[in-house]
Amino acid sequence: MSTTRRFLIAPSLARLLRRDRGGGRVTEGHFPNQTGRSSHVHLDGDTSSLVLLTAADDGSQLEERTEVPRAHAEALLDVAPGKVDYARTRLNAAGREIWVDRFVTPGPLDLIQVNFDNQEEASRFAPPAWFGPEVTSDAAFQTRSIALNELPPVPDVPLSNAALDELLDALENRFSSPRPVSSGRRDEARRRTSNASGETPSRP
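What you are looking at is a predicted structure, and each value in this text was computed from that prediction instead of being measured. (Residues numbered from 1 in each chain as written. Predicted model: local features only at pLDDT ≥ 70, side-chain atom pairs only at ≥ 80, totals over all residues. Heavy atoms only, no water.)

Student: When you look at the environment of Pro 153 in this model, what are you seeing that I'm missing?
Tutor: Relative to the helices and strands, Pro 153 resides in the loop between helix 4 (143-148) and helix 5 (161-172). Sequence separation between Pro 153 and Ala 140 is 13 residues, and the spatial gap between their C-alpha atoms is 9.2 Å. (Helix = DSSP H or I, 4+ residues; strand = E, 2+ residues; numbered from the N terminus.)

Here it is, written out as structure tokens:
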């Protein structure tokens, strides 16, 4: 039974990730809830799927995903009452695959999603310093809720040099062989991020 933890992320850090890693467009069309289950159509690049989620007693969800022809997926998307569009950046950090989603429709929101096989695994996960506040327990930040309702109020996410440094370390260590760390690149990223947050960058 899979489970998902969600976190906010400072927009400037999300922008840095997209610039370094890029991101693919994802479109989803969600249908009204049914007792104990929900469904949506998912378009990601050349892949299109119909997704059925069934709630389990422990609060996790069983996902059944079936690939469907693109034309069928687009037809379902046309009649879906709730829609979202976002750019998804994928990376491996803290021993997990992490998704950083930049919502465009219905409005701007930067959100981290981390999927786990079970609740115990999710509980053991220690989020890196560059993650913002956790919003897993707030249903308003679920993709389905955003699609069928509206974008929730998004609080300001605090930003620190420690968070930026840890994210840069994760990006610069993405290769198995060591690479010399470019202090110029690091300082430039810190300057851009500090300017975006309105902070004055600290000197080493």
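Student: Please clarify how helix 5 should be interpreted in this entry.
Tutor: In an α-helix, one turn spans 3.6 residues, which is why side chains three or four residues apart end up on the same side. Here helix 5 spans 16 Å end to end across twelve residues, near enough to the 16 Å set by a 1.5 Å rise per residue. Of the positions making up helix 5, those classed as buried are Ala 163, Leu 164, Leu 167, Leu 168, Leu 171 and Glu 172. Each buried residue of helix 5 sits inside an arc of 160 degrees when the element is viewed along its axis, so together they form one side. (Expected span 1.5 Å × (residues − 1). Buried < 20%, exposed > 50% of the residue type's maximum accessible area, 1.4 Å probe, protein only. Arc of directions from axis to C-beta.)

Student: Would you mind showing me how to read the sheet that holds strand 8 (residues 109-116) here?
Tutor: The pairing of strands in a sheet comes from backbone hydrogen bonds and takes either a parallel or an antiparallel form. Strand order in this open sheet of eight strands is 1-8-7-6-2-3-4-5, and the pairing throughout is antiparallel. Only two strands of the sheet have a single neighbouring strand rather than two, namely strand 1 (3-8) and strand 5 (61-67). Each strand of the sheet is rotated relative to its neighbour by a mean of 30 degrees, with strand direction disregarded. Looking at chain direction, strand 2 (residues 24-30) and strand 3 (residues 37-44) are connected through five bridges and run antiparallel. Across the sheet, Glu 28 pairs through a bridge with His 42, a residue of strand 3. Contacts from helix 1 (residues 11-21) reach strand 6 (82-93), strand 7 (96-105) and strand 8 within the one sheet, and its direction differs from that of strand 6 by about 70 degrees. (Pairing = 2+ DSSP bridges. Axes fitted to C-alpha atoms, helices over the stretch in contact; angles between N-to-C directions. Contact = heavy atoms within 4.5 Å.)

Student: Hey, could you run me through the packing of helix 1 against helix 5 in this one?
Tutor: Each pair of packed helices can be summarised by the angle the axes make with each other and by the distance between the axes. As a packed pair, helix 1 and helix 5 sit with axes 11 Å apart at the nearest point and diverge in direction by 15 degrees. Here helix 1 is positioned roughly parallel relative to helix 5, judged by the angle of their axes. Every pair of crossing elements has a handedness; the one defined by helix 1 and helix 5 is right-handed. Here helix 1 contributes Leu 13, Leu 16, Leu 17, Asp 20 and Arg 21 to the contact with helix 5, which in turn contributes Ala 163, Leu 164, Leu 167, Leu 168 and Leu 171. Tallied by class, residues from the contact of helix 1 with helix 5 come to eight nonpolar, no polar and two charged. (Parallel < 35°, antiparallel > 145°, perpendicular 65-115°, else oblique. Left-handed = near helix turned anticlockwise from the far one by under 90°. Nonpolar A, V, L, I, M, F, W, Y, C, P; charged D, E, K, R; others polar.)

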